[in-house]
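# Geometric and topological summary
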Amino acid sequence: KAGVTQTPRYLIKTRGQQVTLSCSPISGHRSVSWYQQTPGQGLQFLFEYFSETQRNKGNFPGRFSGRQFSNSRSEMNVSTLELGDSALYLCASSPSRTSGGARQETQYFGPGTRLLVL
Amino acid sequence: LAKTTQPISMDSYEGQEVNITCSHNNIATNDYITWYQQFPSQGPRFIIQGYKTKVTNEVASLFIPADRKSSTLSLPRVSLSDTAVYYCLVGPSGGYNKLIFGAGTRLAVHP
């Protein structure tokens, strides 16, 4: 099976612009999660989508949003970019055959999109 | 949410066994312990998961004492390619697919 793919891999934007990142999960996976990784804050959870609905949300401002399509592909959008949004944005997918589970599912991460805001 | 504490960094040499201990004093009854590995500029990769006692797979072993307040990831005979950051996570108290990462342990394997 192909792994999680993310596009683009690298992106340079300027302050005030907006950006859309894309994630294609592993075939058959229904849950897609997004994470932000910076040297200062480490890996932080942004949000998770399951069956086109946001199921979990982290502590990020409303400038960060996402959506999931019927084929489980997901996009995340950051509006009004700030210098501090420069980071590696990681997408992860998991099977999530039901809306809940007895254990924390294995997350399969993509290679990430490195965003630089100037 | 269960907070985890791990050493910031560790050094080892090729061929040695490496044990990384994680403390999680307020782990909840339904929490599992999961370890991920991350190489620079890549996404984390699942290594192993357990609930209690010992779990072993082809790459690592996970030891969990009866009180579950700590766990130890054991990497047998490390090689240079095991140089990475290792994260200990406890959940799903934060939400089933909401991984809460700590600072991790930066393992450096030397020739």
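Refer to the structure above for everything that follows.
Residues numbered from 1 in each chain as written. Chains lettered and ligands numbered in written order. Predicted model: local features only at pLDDT ≥ 70, side-chain atom pairs only at ≥ 80, totals over all residues. Heavy atoms only, no water.

### Describing the state of the cysteines
- What the rule picks out here adds up to two disulfides over all chains.
- Between the sulfur atoms of C23(A) and its disulfide partner C91(A) the distance amounts to 1.7 Å. Linking C23(A) and C91(A), the disulfide has an S-S dihedral of approximately -50° and is accordingly described as left-handed. Here C91(A) lies in strand β9 (residues 87-94) and C23(A) lies in strand β3 (residues 19-24), a separation of 68 residues in the sequence.
- Two residues share a disulfide in this structure: C22(B) and C88(B), whose sulfurs sit 2.2 Å from each other. Classification of the bridge connecting C22(B) and C88(B) rests on its S-S torsion, roughly -80°, and on that basis the disulfide is left-handed. One end of the pair, C22(B), is in strand β2 (residues 18-23); the other, C88(B), is in strand β8 (residues 84-91), with 66 residues separating them in the sequence.
- Given the relative accessible area of 0%, C88(B) is considered buried. (Disulfide = S-S within 2.5 Å. Helix = DSSP H or I, 4+ residues; strand = E, 2+ residues; numbered from the N terminus. Buried < 20%, exposed > 50% of the residue type's maximum accessible area, 1.4 Å probe, protein only.)

### Things to note about the environment of Y49(A)
All names here are of chain A.
- Looking at the element boundaries, Y49 is found in strand β5 (residues 42-50).
- Under the relative-accessibility criterion, Y49 is labelled buried at 5%.
- The spacing of Y49 and S74 is 25 residues in sequence and 8.0 Å in space, taken between C-alpha atoms.
- Aside from chain neighbours lying at most four places away, what touches Y49 is R30, S31, V32, Q54, R55, G66, R67, Q68 and S74. (Contact = heavy atoms within 4.5 Å.)

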